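Report on the structure
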Amino acid sequence: MRRILVYIRKGLKKSFDNIRNEQLKHNLLQAVPFWIGSVITGFFAVMYAKIFAWGESLLHYILNWHDWMIFIIAPIGFVLSWWLVKEFAPNAKGSGIPQVMAAVELANPKEHRKIRSLLSIKIIVFKILSSVVLVIGGGAVGREGPTIQIAGSIFRKVNEYLPDWWPKISKKNMIMTGAAAGLAAAFNTPLGGIVFAVEELSKTHINYFKTALFTAVIIAGLTAQTLAGSYLYLGYPKTNDVSLMVMFPIILVGGVAGILASQLSVTMLKISDWKKRKLKNDRANVLFLVGCALVIAFISFFISREVLGSGKEIMERVLFTPDKHEDWYVPILRMLGPALSFTSGGAGGIFAPALTAGASIGSVISGVIHLTPNETNVVILAGMVAFLTGITRAPFTSAIIVLEMTDRHSLIFHLMLAGMVSSLFSILVSRHSLYDVLKMNFLHEIRNEEKTESNNKI
């Protein structure tokens, strides 16, 4: 095997040396790390998706066997997920997107060494372990945000392992490209990955890294498709023969979802702040987590299991079956579950739960005003865009992601309208997005830790 690798290496070096154009050789050397990172990202995204899906299936298998088991597995899952992060990788908690945003801001000559606490191999391992444990315990979290932090960690490590003679690559561009590749592989939405990098992460003109960004997204997506097959995240909901009048319910749902999503963000931030001020030791944190887990267990056992998990099955049911209209309380459950799960201190994303909450809001409102099945589908998709926008404050990213995961390109104006309305209404509750506030918290903690270490050395 070693001889084969040596032979391949010599062959590649010989072919590379035969290239006479020095600029072309330089560009190829700069592109190779992005290609390698993209392939690895595609592989990890698919493997993580399979493990996460196995965790959700295991949860439902246990509950179908004996539904009272939720009172056992929920406290264990919440506490174990929190403990894994606390003991081994504190910055693996939560979604992962704020950590990537913070890493992008730290990618400067003075602070780039701080990035390793946000993006590393250890982060990858415990991000996966903690989030899967949490979802087995009934946590209402997703895998998409964590995939973005995993991808950012992969690209950072690839850049770190380059030899000294290799052409230098901007750490910031490498991390942003990795994040875009991660989102593209997680949702199978290449345009969504590109728009996400530009709208949510980039403070740099896109011309400086557009080629790397486009190729990374394509390669990561193709790798994921090769391993998992060509697929849509959700499928093809029926949306034909819908009149222009559907714009009015879309505006209504966009406003309601934007306000509720922004309020959910504020609530989660308040819970996190309260935890920092009041829960000073491990015992207090464990008691808090057990309490949160038992609340979710109680709701699951006595009211509805729809409080559990990422909620993808809810989106699939309301979009693809005749059972389109959720009970009025389901949106409340789909906000309560993420509020308790996301603030637990374990790993887990908010993307999929946000899409589910938006779908349930659209489902309820369309049932109240008696829309047709196809109109209901359009309003549900608009609710998904609106709620995700209320969380991220990235309306174009939200619209493109939902558009690509359902292949409903004819709805581009409907979805963009929902995103823009949500963006306007969400500001009424809070000016800043959840990710922006969390990013600033991570930056504050990391910079304070460095000051403390410097003072101790003095």
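None of these values were measured; they are calculated from a predicted model.

A word on the overall build of the chain
On a plain count of helices and strands, the chain comes out with 18 helices and zero strands. The buried share of the chain, reckoned over its 458 residues, is 57%. Restricting the contact set of the chain to residue pairs at least 6 apart, pairs at least 24 apart contribute 83%. As displayed, the chain offers around 20800 Å² of accessible surface, 64% of which is attributable to carbon and sulfur atoms.

Structural notes on unusual backbone geometry
Positive phi is not limited to glycine here, since aspartate 241 has a value of about 55°. Relative to the assigned elements, aspartate 241 resides in the loop between helix H9 (210-228) and helix H10 (247-278). Even without being glycine, histidine 370 reaches a positive phi, approximately 60°. In this fold, histidine 370 is placed in the loop between helix H14 (351-368) and helix H15 (373-392). Judged by its relative accessible area of 69%, histidine 370 is exposed.

A short note on the nonpolar core
Of all hydrophobic cores here, the largest spans 73 residues; its most connected members are Met384 and Phe387. Counting residues per element, this core draws most heavily on H15, which supplies 11 residues. Ignoring sequence-local partners within four residues, the contact set of methionine 384 consists of Leu234, Met315, Leu355, Gly358, Ala359, Val402 and Met405. Membership of the second largest hydrophobic core comes to 51 residues, among which are Phe34, Ile73, Ala220 and Ala297.

Focus: a nonpolar patch on the surface
Together, Trp68, Ile72, Ile76, Leu80, Trp83, Phe88, Phe298, Phe301, Phe302 and Ile303 give the surface a local cluster of nonpolar side chains, amounting to about 960 Å² of exposed area. Looking at the nonpolar patch, the elements that each hand over two or more residues are helix H3 (70-88) and helix H11 (282-302). Ranked by residues supplied to the nonpolar patch, first place goes to H3 with five residues. With respect to the secondary-structure elements, phenylalanine 298 resides in helix H11.

Quick look at the pattern of salt bridges
For the coordinates displayed, the defined rule picks out 12 salt bridges. The salt bridge partner of glutamate 306 is arginine 317, with a shortest N-O separation of 2.3 Å. Of this pair, glutamate 306 sits in the loop between H11 and helix H12 (312-320) while arginine 317 sits in helix H12, and the two are 11 residues apart along the sequence. Each of the salt bridges in this network shares a partner with another, and the network as a whole consists of Glu306, Arg317, Asp323 and Glu326.

Observations regarding a positive patch on the surface
The grouping of Arg113, Arg116, Lys168 and Lys171 at the surface amounts to a positive patch. Structurally, arginine 116 is set in the loop between helix H4 (97-106) and helix H5 (121-136).

Considerations on the packing of aromatic side chains
Enumeration over the complete set of coordinates arrives at 11 aromatic pairs. Residues tyrosine 48 and phenylalanine 52 carry aromatic rings whose centres are separated by 6.0 Å and whose planes lie at 80° to one another, so their mutual orientation is edge-to-face. A residue pair is termed a helical-turn pair when its members lie 3 or 4 positions apart in one helix, as tyrosine 48 and phenylalanine 52 do in helix H2 (residues 22-65) at four residues. In terms of burial, tyrosine 48 and phenylalanine 52 fall into one category: buried. Geometrically, the ring pair formed by phenylalanine 298 and phenylalanine 302 is tilted, given 4.6 Å between the ring centres and 45° between the ring planes. Remark: phenylalanine 302 and phenylalanine 298 occur in helix H11; sequence separation between them is four residues, near one turn of the helix. Overall, the relative accessible area of 44% leaves phenylalanine 298 in the partly exposed class. On the accessibility criterion, phenylalanine 302 (51% relative accessible area) is exposed. Put simply, the rings of Phe71, Phe298, Phe301 and Phe302 touch in pairs and so form one group of aromatic residues.

Some points on H3
With 19 residues, H3 ought to run about 27 Å at 1.5 Å a step, and its terminal C-alpha atoms sit 26 Å apart, in line with that. Restricting attention to buried positions, one finds in H3 the residues Ile70, Ile73, Ala74, Pro75, Gly77, Phe78, Val79, Ser81, Trp82, Leu84 and Val85.

About the criteria used
Residues numbered from 1 in each chain as written. Predicted model: local features only at pLDDT ≥ 70, side-chain atom pairs only at ≥ 80, totals over all residues. Heavy atoms only, no water. Helix = DSSP H or I, 4+ residues; strand = E, 2+ residues; numbered from the N terminus. Buried < 20%, exposed > 50% of the residue type's maximum accessible area, 1.4 Å probe, protein only. Contact = heavy atoms within 4.5 Å. Areas by Shrake-Rupley, 256 points an atom, 1.4 Å probe, with all protein chains shown as cover. Core = buried A, V, L, I, M, F, W, Y, C linked by side-chain atoms within 4.5 Å. Patch = residues over 30% accessible without salt bridge, like charges linked within 9 Å, V, L, I, M, F, W, Y side chains within 5 Å. Salt bridge = Lys/Arg side-chain N within 4 Å of Asp/Glu carboxyl O. Lys, Arg positive; Asp, Glu negative; His and termini not counted. Charge placed at Lys NZ, Arg CZ, Asp CG, Glu CD. Phe/Tyr/Trp six-rings, centres within 6.5 Å; stacked < 30°, edge-to-face > 60°. Expected span 1.5 Å × (residues − 1).

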